[in-house]
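Next come the chains, spelled out residue by residue.
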Amino acid sequence: MFAKKYTSLVENVTVNDPATDIKTSQKMGRYKLGKFAIYQPDRRYLPYAAINTIKQDKGTTHVTGCCIGCLPVDRLVIRLADGKPFVFEFDSEEKEKKAVRWIEECRTNVNND
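Residues numbered from 1 in each chain as written. Predicted model: local features only at pLDDT ≥ 70, side-chain atom pairs only at ≥ 80, totals over all residues. Heavy atoms only, no water.

Q: Looking at this model, I keep getting lost on the overall build of the chain. Mind explaining?
A: For the chain, the count of helices and strands is 2 helices and 9 strands. Overall, the chain shows an N-to-C arrangement of helices and strands of β-α-β-β-β-β-β-β-β-α-β. Within the span of the chain, comprising 113 residues, buried residues form 37% of the whole. The contacts in the chain between residues at least 6 apart in sequence include a share of 47% that link residues at least 24 apart. Of the roughly 7400 Å² that the chain leaves accessible, carbon and sulfur atoms contribute 50%. (Helix = DSSP H or I, 4+ residues; strand = E, 2+ residues; numbered from the N terminus. Buried < 20%, exposed > 50% of the residue type's maximum accessible area, 1.4 Å probe, protein only. Contact = heavy atoms within 4.5 Å. Areas by Shrake-Rupley, 256 points an atom, 1.4 Å probe, with all protein chains shown as cover.)

Q: Explanation requested: helix α2 (residues 93–106) in the structure shown.
A: In an α-helix there are 3.6 residues to a turn, and that puts residues three or four apart on one side. For α2, with 14 residues, the first-to-last C-alpha span of 20 Å sits near the 20 Å given by 1.5 Å per residue. Regarding α2, the residues found buried are Glu 96, Ala 99, Val 100, Trp 102 and Ile 103. Along α2, the residues classed as buried sweep out an arc of 165° about the axis, all on the same side. Turned more than 90 degrees away from the buried face of α2, the exposed residues are Glu 94 and Glu 105. (Expected span 1.5 Å × (residues − 1). Arc of directions from axis to C-beta.)

Q: Can you walk me through the packing of aromatic side chains in this structure?
A: For any two aromatic rings, the description comes down to two numbers: the centre-to-centre distance and the angle of the planes. Evaluated as defined, the whole model comprises 4 aromatic pairs. With a centroid separation of 5.2 Å and an interplanar angle of 85°, the aromatic rings of Tyr 31 and Phe 88 are classed as edge-to-face. Here the residue Tyr 31 occupies a position in strand β3 (residues 31–33), and Phe 88 occupies one in strand β8 (residues 85–90), the gap between them amounting to 57 residues. A residue is classified by how much of its surface remains accessible, and Tyr 31, at 2% relative accessible area, is buried. The exposure class assigned to Phe 88 is buried, which follows from its relative accessible area of 0%. Grouping aromatic residues by their ring pairs yields a cluster made of Tyr 6, Tyr 39 and Tyr 45. (Phe/Tyr/Trp six-rings, centres within 6.5 Å; stacked < 30°, edge-to-face > 60°.)

Q: Mind showing me how you'd approach the nonpolar core here?
A: Considering soluble globular proteins, one finds that nonpolar side chains tend to be buried as a cluster. Core analysis: the biggest nonpolar cluster contains 21 residues, and Leu 33, Leu 46, Leu 76, Ile 78, Phe 88 and Ile 103 have the highest contact counts within it. Broken down by secondary-structure element, the contributors of at least two residues to this core are β3, β6 (51–63), β7 (69–80), β8 and α2. Looking at which element gives the most residues to this core, the answer is α2, with 4 residues. Among the nonpolar cores identified, the runner-up in size contains 6 residues, and Tyr 6, Val 15, Ala 37 and Tyr 39 belong to it. (Core = buried A, V, L, I, M, F, W, Y, C linked by side-chain atoms within 4.5 Å.)

Q: Would you explain unusual backbone geometry in this entry?
A: Peptide bonds are mostly trans, and most non-glycine residues show a negative phi. You will see that Asn 12, though not glycine, has its phi angle at about 70°, which is positive. Phi is positive for Arg 43, which is not a glycine, with a value near 70°. Relative to the helices and strands, Arg 43 is located in the loop between β4 (37–39) and β5 (44–47).

Q: Is there a simple way to think about the pairing of β8 in this case?
A: Here β8 shows a clear split, with Phe 86, Phe 88 and Phe 90 buried on one side and none of Pro 85, Val 87 and Glu 89 buried on the other. Looking at chain direction, β7 and β8 are connected through 6 bridges and run antiparallel. Bridge pairing in β8 links Leu 76 to Phe 88. Counting the residues that bridge the hairpin from β7 to β8 gives 4 residues, and of these Gly 83 lies at a positive phi of roughly 90°. (Pairing = 2+ DSSP bridges.)

What follows is the structure in structure tokens.
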């Protein structure tokens, strides 16, 4: 059986054992939030150690198929120390706020804009 490989979105900042972290993670929307990182469905993750600021935001996402157009989404904009943003979209404000609380609990020195 092949081992599941997880890749950090931030060069030189990794989680020691992402496979173990993800096993104990909380599912919030399409993401999984562990004690050390937020995991995307494509096996990439953003380590909390790299986060400088978190900002909650509203936006839209484009959809195709039978309902072509835009849908409102709640976005979590996470910035690194160098200012590079990562945007995570949630289908409800409740899930977004829960994700912010979880990240703040796991990483206490995150600035909340």
